[in-house]
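Commentary on secondary and tertiary structure
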Amino acid sequence: MSASFWYTVGMDSFRTRLILAYLKQHRVCSFADLMEKFDISSATVHRYALELTKRDAVTRVRGGLVFNEAEAPRDDTSAYLDRVVTNRAGKIAAARQAVTVVREGDIVFLDSSTTVYELALLLKEANFSHLTIVTNSVSIMQNFRKFPSHYVLIGLGGSYDPNLNAILGAATLEQLAHINLTKAFVSAFGVDDKNVTTNHERQAELLKKVLDAADKRYLVADSSKFDRTGLYRLSARGAFDAIFSPKRAAD
């Protein structure tokens with residue numbers, strides 16, 4: 001793995017980065033709000049606050065934190081973390097639809113999108129006695145220790161992409177070629193009347209292989225992904241067995 005990968009999963013905790021992304025979006029947050037949002041204790045939120053204050057990423061005020069626009073550190077993972085907290089309610093709603101089709105004994109592929117990550121969190125709380133998760137998502141791999149101990153994880157190897165917080169490349173495709181998938185859950189940048197698209201070439205290459213390999217194919221997308229088009233085609237819209245989205249429910 002690259003040095004960037006180890007920096008992401010080691011020196012700077014993923015949760016700290018999520019808190020910083022959330023603060024960037026909301027500008028001012030109380031400690032109580034952060035405790036509820038991230039399901040952490042008072043002691044834990046104050047520990048994160050101390051770390052972010054030392055980095056000049058935030059200013060501590062009475063009862064909470066203020067995001068420091070000028071001083072907040074930026075790196076290649078910032079775009080991913082911004083997406084984690086954007087349209088999260090819609091992503092959760094789509095994930096709740098998607099989890100209803102997972103069955104005992106499934107071998108499911110979960111992509112590296114922040115929408116499908118919400119599905120992973122729901123699977124973590126599910127009561128399956130046997131479930132195998134195949135993924136290229138670093139977020140899911142990082143947090144798999146919190147999943148039921150009898151779940152099986154197959155984390156695909158390859159090159160780390162910090163913008164997507166994902167593993168991609170030739171080695172990833174080679175490993176995927178030897179794996180059977182009963183169901184694939186993917187998201188996208190855009191969904192128009194005909195096609196499902198992304199803006200990332202290597203991601204498109206991987207997800208095309210995933211969709212070809214899976215017995216059932218599911219698109220999981222919040223409403224913001226519809227009526228727009230990305231650069232690379234993943235699949236025809238009609239090739240999915242189901243599309244899970246708050247927009248589809250509203251339609």
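Now for a description of the structure that goes with this document. The model shown is predicted, which means the values in this text are computed figures rather than measured ones. (Residues numbered from 1 in each chain as written. Predicted model: local features only at pLDDT ≥ 70, side-chain atom pairs only at ≥ 80, totals over all residues. Heavy atoms only, no water.)

**Notes on the side chain of Asp-106**
Relative to the helices and strands, Asp-106 is located in the loop between helix H6 (88-98) and strand S4 (107-110). By relative accessible area, Asp-106 is classed as buried at 7%. Engagement of the side chain of Asp-106 in a polar contact is seen with the side chain of Lys-183, the distance being 2.8 Å. Leaving out residues up to four positions away in the same chain, Asp-106 has contacts with Val-101, His-130, Leu-131, Thr-132, Thr-182 and Lys-183. (Helix = DSSP H or I, 4+ residues; strand = E, 2+ residues; numbered from the N terminus. Buried < 20%, exposed > 50% of the residue type's maximum accessible area, 1.4 Å probe, protein only. Polar contact = N/O pair within 3.5 Å; in protein donor to acceptor, adjacent residues only side chain to side chain. Contact = heavy atoms within 4.5 Å.)

**Some thoughts on the layout of surface pockets**
The calculated volume of the second largest pocket comes to roughly 420 Å³. Lining the second largest pocket are 21 residues; nearest its centre among them are Arg-83, Ala-188, Phe-189, Lys-225 and Arg-228. Considered class by class, the residues forming the lining of the second largest pocket number 4 nonpolar, 11 polar and 6 charged. (1 Å grid on protein atoms, 1.4 Å probe; cavity = no way out; pocket = protein on both sides within 12 Å on 5 of 7 lines; lining within 4 Å. Points joined across faces, edges and corners; volume = space filled by probe spheres on them. Nonpolar A, V, L, I, M, F, W, Y, C, P; charged D, E, K, R; others polar.)

**Some details on the nonpolar core**
Within the largest apolar cluster, 44 residues are counted, with the highest numbers of intra-cluster contacts made by Leu-110, Ile-133 and Phe-185. Where this core is concerned, the elements lending two or more residues are helix H2 (14-26), helix H3 (31-38), helix H4 (42-54), strand S3 (64-67), H6, S4, helix H7 (114-124) and strand S12 (214-220). Considering every element that reaches this core, the biggest residue donor is H2, with 6 residues. Ile-133 has contacts with Val-108, Leu-110, Leu-123, Phe-144, Phe-147, Tyr-151, Val-152, Leu-153 and Ile-154, leaving out every residue within four places of it along the chain. (Core = buried A, V, L, I, M, F, W, Y, C linked by side-chain atoms within 4.5 Å.)

**Topic: H7**
Most of H7 sits out of view: 9 of its 11 residues are buried. What H7 keeps buried is the set Thr-114, Thr-115, Val-116, Tyr-117, Glu-118, Leu-119, Ala-120, Leu-123 and Lys-124.

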